[in-house]
Structure formats: C-alpha cells, structure tokens
Amino acid sequence: MHIFINGKKLIATKGETVLSVAKRNRVDIPTLCHHDALEPVGACRLCTVEITHEDWNGWKGLVTSCLYPVVDGLVVATDSPAVVRLRQTILDLLVARCPESAVIRDLAEKHGPVTEYKRHTDGSKCIMCYLCTRACAAVGCHAISAVNRGTLKEIAPPFHQDAIACVGCGTCAAICPTGHIQMTDKPRTREIWGRTFDFIQCEDCGAPVITAAYRDFAVQHQKLDESYYTTCTACKKKRTAQRFSTVGA
Ligand code: FES
C-alpha cells in the first residue's frame, strides 16, 4: 500500500505505524516516549501529526503517529499549522514541568519560540514517558513503576524503598530521554535506585563488564553461560580478531 507524507508518496506495509514509515523515509517527527525495541504507548504526544484521506469527506484530525496504523491512501502532514501549534504547546508544558532538562529546552527552542508558563520546580527531569518502566519490564525485572496520582505521579521502586528487584543493568538510565534517572558508575561498583552493585571485572583488561547481579539474572532467566561475562566487549573483539589472524597465518 501507499501513504502520502507531506505530499510524498511512500510505500507502507499493513500493520506499520505512520511513525515507522516516516522514520524509514527520514521524515523528521520529534518523539520522546518512543523506542523501536518497545511497544508504543503514546505518552508524550509529541509525535502528533495531522491525517486525512480522500474517502473521509474532508475530515482531518490529529493523531499520535507512533500509535496510528497506516491505511492505504492515508494523507499525513507533519508540519501543518495545527501540528506546529500543538507541538509548541506540548513542549512549552514540558519546559514548565522540567525547566532543568537541557534536552527538553533544546527541543522546545528548535520547534519555535518558548512560552514561559509558571514553572513546576521540584528539580525533576521526569516527563512520565514510561520508557524506563517499559524497558525494565522488557528486561524482566519490573523493579520500578509509576506511583501516586495526578501531579504527584512519579517513577519509583515499590513503597519508595531500595529497589529489591533491580539488578543494576542500567537500562532505565540509558533509555531515559532527559537524564532524570541517577546512576553512578565507579570502577568497581554501580549505584542506582538506592542500591550499590558490584561489577564483574574483565579478566583481560580489568574494565567493568556488567554487575554481578545482572550476570546472575541473565544466567538464570536468559539461559546464558556464565563464561560469556568474563570479558568485556572490547576484549571479546580483540580475542576474536586474534583467533582469525592465527587461523589466516
Ligand atoms: S512518541 Fe508518540 S506519543 Fe510519544
């Protein structure tokens, strides 16, 4: 099937979303809560686009492109006046919520003049995109989740205690788009969600590989061999290269 994005006819496949077709064709749609490896949830609304169709009698509307499935002949505008206005409002509200986030401010400035609403200044950079909780669930830990309601809603371990289910993999901190999640790596330990984890050191170079807790978790749940984690990625590559050069000699 075909869809039209900003007047360009593009190939699309049944089951795809508008965002995935746009990304494949390098059409820029800003996103904050989307990650290709995770199911979309439409939390940030930043990927909103305007859609219509020749069979819809002139009806057009705003939808989140990360959730909207393509239909043949769909006409999409990523920069119509309605989209630009809505995107600016969403970003203004995010700046008001997270004024300390350089990522949010840069994005807001890129998409138009920033309206300075009254700020919510508790220092948090969390935009409730749920990337961290979804990634944590995908890893299989479920160590953090959304707690409280309304303006008090936040991401935390159960009962705000140290995260007992956390294995220190660091996926939540790596995927957080605003740098809200605090993780401190030292040569031998990692601190996150109120806990300190020991690193396994690479047996070749001594660099940290992963936390011992994550290794144990992976061995148990992902059926990986413990020996896989004895060396870091760089040393694994070096060993492979050496093996190939010995074979070729
Ligand atoms: S990326 Fe679509 S709603 Fe956030």
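Our structure's up above, just so we're on the same page.
All of these numbers come straight from a predicted model, not from anything done at the bench.

**Q** Outline the pairing of strand β11 (residues 208-211), supporting the account with residue identities and numerical values.
**A** In this structure, strand β10 (residues 195-201) lies alongside β11, joined through 2 bridges in antiparallel fashion. Along β11, the bridge assignment pairs F199 with T211. The loop that links β10 with its antiparallel partner β11 comprises 6 residues; one of these, G206, has a positive phi angle of about 85°.

**Q** Could you give an account of the nonpolar core, with specific residues and numbers?
**A** I181, I192 and W193 are the most contacted members of the largest nonpolar core, which has 25 residues in total. The set of elements that each furnish at least two residues to this core consists of α4 (131-139), α5 (171-175), β10 and α6 (212-221).

**Q** Describe α4, naming the residues involved and giving the relevant values.
**A** With respect to burial, α4 is a largely interior element, 7 of its 9 residues being buried. The set of residues buried in α4 consists of L131, C132, T133, R134, A135, C136 and V139. Of the surrounding secondary structure, the elements contacted by the buried residues of α4 are β6 (145-147), β7 (154-156), α5 and α6. Looking one or two places after α4, you find G140, whose phi comes out positive at around 110°.

**Q** Can you break down the pairing of β10 residue by residue, with the values?
**A** Bridge count between strand β9 (residues 189-192) and β10: 4 bridges; the pairing is antiparallel. Paired with E191 across the two strands is T196, which belongs to β10. Between β9 and β10, which pair antiparallel and follow one another directly, the connecting turn spans 2 residues, one of which, W193, has a positive phi of 50°.

**Q** So what about the sheet that holds strand β4 (residues 60-64)? Which residues, and what values?
**A** An order of β2-β1-β5-β3-β4 is seen for the 5 strands of this open sheet, with the pairing classed as mixed. At either end of the open sheet lies a strand with only one pairing partner, and these are β2 (8-11) and β4. Averaged over all neighbouring strand pairs, the angle between strand axes comes to 35°, with direction disregarded. With 2 bridges connecting them, strand β1 (residues 2-5) and strand β5 (residues 75-77) associate as parallel partners.

**Q** Which residues make up the environment of T231, and what values do they have?
**A** Mapped onto the elements, T231 comes out in the loop between α6 and α7 (233-248). Sequence-wise, T231 and I210 are 21 residues apart; in three dimensions their C-alpha atoms are separated by 9.7 Å. Sequence-distant contacts of T231, defined by excluding residues within four places in its chain, comprise C202, E203, D204, V209, K236 and R239.

**Q** Explain the packing of aromatic side chains to me, and be specific about the residues and the numbers.
**A** This structure, assessed with the given rule, holds 2 aromatic pairs. Pairing W56 with W59 gives two aromatic rings, centres 5.8 Å apart and planes at 65°, and the pair type is edge-to-face. Residue classification places W56 among the partly exposed positions, given a relative accessible area of 25%. By relative accessible area, which is 49% here, W59 ends up partly exposed. Judged by centre distance (5.2 Å) and plane angle (90°), the rings of Y228 and Y229 are edge-to-face. With relative accessibility at 47%, the residue Y228 sits in the partly exposed group. Lying over the aromatic face of Y228, K236 brings its terminal NZ or CZ to 4.2 Å of the ring centre.

Basis of the calculations
Residues numbered from 1 in each chain as written. Predicted model: local features only at pLDDT ≥ 70, side-chain atom pairs only at ≥ 80, totals over all residues. Heavy atoms only, no water. Pairing = 2+ DSSP bridges. Helix = DSSP H or I, 4+ residues; strand = E, 2+ residues; numbered from the N terminus. Core = buried A, V, L, I, M, F, W, Y, C linked by side-chain atoms within 4.5 Å. Buried < 20%, exposed > 50% of the residue type's maximum accessible area, 1.4 Å probe, protein only. Contact = heavy atoms within 4.5 Å. Axes fitted to C-alpha atoms, helices over the stretch in contact; angles between N-to-C directions. Phe/Tyr/Trp six-rings, centres within 6.5 Å; stacked < 30°, edge-to-face > 60°. Lys NZ or Arg CZ within 6 Å of the ring centre and 35° of its normal.

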